[in-house]
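Results of the structural survey
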Amino acid sequence: PRQYAGRDNCEGRISMAARIITVAQQKGGAGKTTLAAHLAIAWQMAGETVAVVDIDPQGSLGQWFGLRDRSVGEAGPALTVASITGWRAGNEIERLARDHSLIVIDSPPHAETEAKMAIRLAGLVVTPVQPSPLDLWATRPTVDIARAERVPIMLVLNRVPSRNPLKEEVERILADLGAPVARARLGNRSALSASMIDGRSVMEAAPESLAAREVARLARELRAAVVVKR
């Protein structure tokens, strides 16, 4: 993938037609970066021209795509990858929107200001959440930011166990949050993280697996939900 680097402050809105999806979750450890990587590859494999923008100062997604570039190279779907934070991020996203059909932004956790900026640019906020009361309660700040910025949000249940004894409690909290929940969900599949060790997605490493089918279903649903901003 083509790599860009920089650091500054993400301001403004995209004034042109663009499909921009921000993966945001104020709580760490929810699987945000793993989800962003798999969705980006799934959309590229589905025929989109995808740019990934990593504005998380930890740079985990950018590092993974660097590994992917070295291990997979031209054998995998070509992606444009930008690792940039600060005010230049907005300009970079607008530039990438001219040449790509879909932009994926991986936003930082525990950074309300930068999370707001990334959400403000989006046509859809995707928030991974594990189906436990503690994780669901911790999701409320992300939902509140999206509402304040008037940006559509979709919660994605991630690492869902085959049996959840707290099913009724989880459903009650989800209803209380009042945010749409994706019909497609990701199970507690070790194949998702295992595929990333050598820079691949599960759709490449195990295309016939249940995990790959779950990612494909989720990618289709989210792509249909994103609002084109003008």
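Above this note sits the structure.
Structure report, in brief.

On to the side chain of Gln130, then. Within the secondary structure layout, Gln130 lies in the loop between β6 (124-129) and α5 (133-149). Among the polar contacts listed, one links the side chain of Gln130 to the backbone oxygen of Gly29, at a separation of 3.2 Å. Leave out the neighbours within four places in its chain, and Gln130 touches Gly29, Ala30, Asp135, Leu136, Asn158 and Arg159.

Attention now moves to the pattern of salt bridges. Applying the stated criterion across every chain, the model contains 13 salt bridges. We note a salt bridge from Arg223 to Glu48, for which the minimum N-O separation is 3.0 Å. In this pair, Arg223 is assigned in helix α9 (residues 210-225) and Glu48 in the loop between α1 (32-45) and β3 (50-54), connecting sequence segments 175 residues apart. The exposure class of Arg223 is partly exposed, given its relative accessible area of 25%. Since its relative accessible area comes to 9%, Glu48 is described here as buried. In this structure, Asp198 engages Arg200 in a salt bridge whose closest nitrogen and oxygen atoms are separated by 3.2 Å. Its relative accessible area of 32% is what places Asp198 among the partly exposed residues. Residues joined in a network through salt bridges with shared partners are Arg19, Glu48 and Arg223.

Counted by the stated rule, this structure contains one aromatic pair. Note on Trp64 and Phe65: the rings are 4.7 Å apart at their centroids and 70° apart in plane angle, and the pair reads as edge-to-face. The class of Trp64 is buried, set by a relative accessible area of 7%. For Phe65, a relative accessible area of 0% puts it in the buried group.

You will see that Arg150, though not glycine, has its phi angle at about 60°, which is positive. Considering the arrangement of structural elements, one finds Arg150 in the loop between α5 and β7 (153-157). The phi angle at Arg159 is positive, at roughly 55°, despite the residue not being glycine.

Running from amino to carboxyl end, α5 crosses helix α6 (residues 167-177) at an angle of 15°, the nearest separation of the two axes being 10 Å. Looking at the two axes, α5 sits roughly parallel to α6. Crossing hand, α5 versus α6: right-handed. For the pair formed by α5 and α6, the contact residues are Pro133, Leu136, Trp137, Arg140, Val143 and Arg147 on the first element and Glu169, Val170, Ile173, Leu174, Asp176 and Leu177 on the second. A per-class count over the contact of α5 with α6 returns eight nonpolar, no polar and four charged.

Conventions used here
Residues numbered from 1 in each chain as written. Predicted model: local features only at pLDDT ≥ 70, side-chain atom pairs only at ≥ 80, totals over all residues. Heavy atoms only, no water. Helix = DSSP H or I, 4+ residues; strand = E, 2+ residues; numbered from the N terminus. Polar contact = N/O pair within 3.5 Å; in protein donor to acceptor, adjacent residues only side chain to side chain. Contact = heavy atoms within 4.5 Å. Salt bridge = Lys/Arg side-chain N within 4 Å of Asp/Glu carboxyl O. Buried < 20%, exposed > 50% of the residue type's maximum accessible area, 1.4 Å probe, protein only. Phe/Tyr/Trp six-rings, centres within 6.5 Å; stacked < 30°, edge-to-face > 60°. Axes fitted to C-alpha atoms, helices over the stretch in contact; angles between N-to-C directions. Parallel < 35°, antiparallel > 145°, perpendicular 65-115°, else oblique. Left-handed = near helix turned anticlockwise from the far one by under 90°. Nonpolar A, V, L, I, M, F, W, Y, C, P; charged D, E, K, R; others polar.

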